[in-house]
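Here is how the chains run, residue by residue.
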Amino acid sequence: MAILKLYGDSSSTSTRRVGTVLYEAKVPFEFIQIDRKKGEHKTPEYLEKHPFGRIPYIDDDGFILYETRAICRYIAAKYPACKLIPTDPRKNALFEQAASIELCNFEPYAGAAMFESRGKPRKGLKTDQAALDASLAALDTQLDGYDAILAKHKYLAGDEVTLADLFHLPNAPILESHAKSDIMTRKPHVARWYKDLLSRPSWLAYEDGVKTTLEY
Ligand SMILES: N[C@@H](CCC(=O)N[C@@H](CS)C(=O)NCC(=O)O)C(=O)O
């Protein structure tokens, strides 16, 4: 069976989300760098694999998959020993609830703040400070809900880490590094959870970028 291939940009947050989960599940993989400056993700060949021209996607022995959360779910399902998706119906429902929280209550606001503070400057555009502040204020309100959940258990879906927690990892640090916000460490339970996630070997492994990993 061919080794799994991850096509992405080693420094991109989306690619790191997948790299982190591959590492958690101890899946050997080859990393193939896509040069976005050269538009390699917009070529007809690339669009065959990923019709939206985004990174990353995986090729698992001919099985092509894009959208990072779907990729991570596939990896967790294929390698169940990683226990990143609970199988017990109630635990699984709590996992799905937590995964929806990330997608609906975190990503829209964090994504908007990232766009203002990192995306725009990278494109030579000026950050709209008012828009950035509004996104961070909205996210801060959402994080009150997180703090209430995390006061009751260690992770979002219970006392075991799941994909729902890991999904936050690549974007949250950008709020500090680029948006210059302490939003992730203001509330005690959010701060404890966030620091715990940041210390995971799977996250630290790709601090300098995602790379081919054949052994764990
Ligand atoms: N929802 C998508 C988002 C993927 C995404 O937006 N990737 C960014 C890089 S982090 C990208 O490809 N941007 C397009 C570009 O740079 O032209 C996923 O989770 O896979």
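Residues numbered from 1 in each chain as written. Predicted model: local features only at pLDDT ≥ 70, side-chain atom pairs only at ≥ 80, totals over all residues. Heavy atoms only, no water.

**Section: the packing of aromatic side chains**
The geometry of an aromatic ring pair comes down to the distance between the two centres and the angle between the two planes.
Consideration 1: Here the structure, examined in full by the defined rule, presents nine aromatic pairs.
Consideration 2: Ring centres of Tyr7 and Tyr57 lie 4.6 Å apart, and the angle between their planes is 5°; this geometry places the pair in the stacked category. Placement of Tyr7 in strand E1 (residues 4-8) and of Tyr57 in strand E3 (residues 57-60) is noted, with a sequence separation of 50 residues between them.
Consideration 3: Taking the centre distance of 5.8 Å and the plane angle of 50° together, the rings of Tyr146 and Trp193 count as tilted. Placement of Tyr146 in helix H5 (residues 129-152) and of Trp193 in helix H8 (residues 188-198) is noted, with a sequence separation of 47 residues between them. Side by side, Tyr146 and Trp193 carry an identical accessibility label, which is buried.
Consideration 4: Linked through ring pairs, Tyr23, Phe29, Tyr206 and Tyr216 together constitute an aromatic cluster.
Consideration 5: Sitting over the face of the ring of Trp203, Arg16 holds its NZ or CZ atom 3.3 Å from the ring centroid.
Consideration 6: Positioned over the ring face of Phe167 is Arg69, at 5.9 Å from the centre of the ring. (Phe/Tyr/Trp six-rings, centres within 6.5 Å; stacked < 30°, edge-to-face > 60°. Helix = DSSP H or I, 4+ residues; strand = E, 2+ residues; numbered from the N terminus. Buried < 20%, exposed > 50% of the residue type's maximum accessible area, 1.4 Å probe, protein only. Lys NZ or Arg CZ within 6 Å of the ring centre and 35° of its normal.)

**Some words on the UniProt feature "domain: GST C-terminal" (unreviewed entry) in the protein**
Consideration 1: Cross-referencing UniProt, the feature "domain: GST C-terminal" (unreviewed entry) maps to residues 88-216 in the present numbering.
Consideration 2: Annotated as residues 88-216, this span is 64% helix and 0% strand, and its ends, taken at the C-alpha atoms, are 28 Å apart. (UniProt positions renumbered as here; feature names shortened; annotations may be inferred.)

**A word on H8**
Consideration 1: Buried residues of H8: Val190, Ala191, Trp193, Tyr194 and Leu197, and no others. Down the axis of H8, the buried side of the element spans an arc of 165°, and every buried residue falls inside it. Exposed side of H8, more than 90 degrees from the buried face: Pro188 and Lys195 are the residues found there.
Consideration 2: Elements in contact with the buried residues of H8: H5, helix H6 (163-166), helix H7 (172-177) and helix H9 (201-204). (Arc of directions from axis to C-beta. Contact = heavy atoms within 4.5 Å.)

**A word on the side chain of Asp165**
Consideration 1: As for its placement among the helices and strands, Asp165 is situated in helix H6.
Consideration 2: Despite its burial, Asp165 pairs with no opposite charge, the nearest such side chain being Arg200 at 7.7 Å.
Consideration 3: Here the side chain of Asp165 touches Thr162 through a polar contact of 3.0 Å, landing on its backbone nitrogen.
Consideration 4: Not counting residues up to four positions away in its chain, the partners in contact with Asp165 are Tyr155, Leu156, Glu160, Trp193 and Leu197. (Lys, Arg positive; Asp, Glu negative; His and termini not counted. Salt bridge = Lys/Arg side-chain N within 4 Å of Asp/Glu carboxyl O. Polar contact = N/O pair within 3.5 Å; in protein donor to acceptor, adjacent residues only side chain to side chain.)

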